[in-house]
Amino acid sequence: MRQDTSIVFNLIGPVPQKERRLCADLPNVHFTDWLPQNDLAERIAQADLCLAGHFNARIQKACRTIPGKAYIYHAMGKPMILGDNPANHELFDENGKTVYYVRMGDAGSLAEKIRQIALHAVQ
């Protein structure tokens, strides 16, 4: 999503330096290390869309579990993107307002879904 500078990504939590360097020239990608719970809740509340995951299809556990942050985003009523796996479907129905699914292991699918949601929000 290098060309989509109108979409800003705030990544919170530990991100290895290797990945940070890959994004060094991107003005719309911001990294924040761990935050206290109150500060994290404020940042989530400010978000237009949250990436819940799990997105890596090669990790078997990711295909069998619901990410913990999905519960937080759901409780806060935040729109989120989830990896399309059986575990996530046990609890969350895609509704086109707060829950969206993407094919796991497909960065293009994730990017396209983010673009669709951003475009819909503008209309």
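Placed above this text is the structure.
Quick caveat, the model's predicted, so the values are computed rather than measured.

**Description of the sheet that holds strand β3 (residues 50–53)**
So, step 1. Pairing is parallel across the open sheet formed by three strands, whose spatial order is β3-β4-β5. Two strands close off the open sheet at either side, each with one partner strand: β3 and β5 (99–102). The average undirected angle you get between the axes of adjacent strands in this sheet is 30°.
So, step 2. As paired elements, strand β4 (residues 80–83) and β5 share four bridges and run parallel to each other. Residue pairing in the sheet places L82 in a bridge with Y101 of β5.
So, step 3. Most of the contacts of helix α4 (residues 68–75) go to β3, to which it runs at about 140°, and overall it touches β3 and β4.

**Regarding the nonpolar core**
So, step 1. In this structure, I44, C50, A52, I66, A70, Y73, M80, L82, A87, F92, V99 and Y101 together form the largest nonpolar core, which totals twelve residues.
So, step 2. When residues of this core are traced back to their parent elements, those giving at least two are β3, α4, β4 and β5.
So, step 3. Setting aside chain neighbours within four positions, we find Y101 in contact with L82, G83, D84, N88, H89, F92, E94 and K113.
So, step 4. Core analysis: the next-biggest nonpolar cluster, separate from the first, contains ten residues, I81, L110, I114 and I117 among them.

**Brief notes about the environment of M1**
So, step 1. Note that M1 resides in the segment before β1 (9–12).
So, step 2. When the C-alpha positions of M1 and L110 are compared, they lie 9.9 Å apart, and in sequence the two are 109 residues distant.

**Quick notes on the pairing of β4**
So, step 1. Residue alternation in β4 divides its side chains into two sets, M80 and L82 and I81 and G83, and both sets are buried.
So, step 2. Pairing of β3 with β4, which is carried by three bridges, proceeds in the parallel orientation. Paired with G53 across the bridge in β4 is L82.
So, step 3. Following the chain from β4 across helix α5 (residues 86–91) to the adjacent parallel β5, one finds a crossover that is right-handed.

**Examining the side chain of D4**
So, step 1. Position of D4 among the secondary structure elements: in the segment before β1.
So, step 2. Of the residues examined, D4 reaches a relative accessible area of 19% and is grouped as buried.
So, step 3. Engagement of the side chain of D4 in a polar contact is seen with the side chain of R115, the distance being 2.6 Å.
So, step 4. D4 has contacts with N28 and R115, leaving out every residue within four places of it along the chain.

What counts as what
- The numbers attached to residues start from 1 for each chain and follow its sequence in the written order.
- Only residues with pLDDT of 70 or above have their local features reported here, since the model is predicted, and side-chain atom pairs are shown and tallied only from 80 upward, although totals for entire chains, interfaces and linings are computed over all residues.
- Think of the side-chain values as coming from all heavy atoms in the structure, minus any hydrogens and water.
- DSSP calls a pair of strands paired once it identifies at least 2 bridges connecting them.
- A run of H or I in DSSP counts as a helix once it spans at least four residues, and a run of E counts as a strand once it spans at least two, with each numbered from the N terminus.
- The axes used here are C-alpha line fits, helices contributing only the stretch in contact, and every angle between their N-to-C directions lies in the interval 0 to 180 degrees.
- Throughout, a contact is declared for two residues whenever any of their heavy atoms are within 4.5 Å.
- What is meant by a nonpolar core is a set of buried Ala, Val, Leu, Ile, Met, Phe, Trp, Tyr and Cys residues, joined one to another through side-chain atoms within 4.5 Å.
- The rule is simple: take the accessible area with a 1.4 Å probe, protein chains only, and divide by the maximum for that residue type; under 20% is buried, over 50% is exposed, in between is partly exposed.
- Crossover handedness is defined here as right-handed if the route from the first strand over the helix to the second strand goes clockwise, with the strands pointing away from the viewer.
- Between N or O atoms, a polar contact is any pair within 3.5 Å; within protein, one atom must be a potential hydrogen donor and the other a potential acceptor, and residues adjacent in sequence are included only when both atoms are from side chains.

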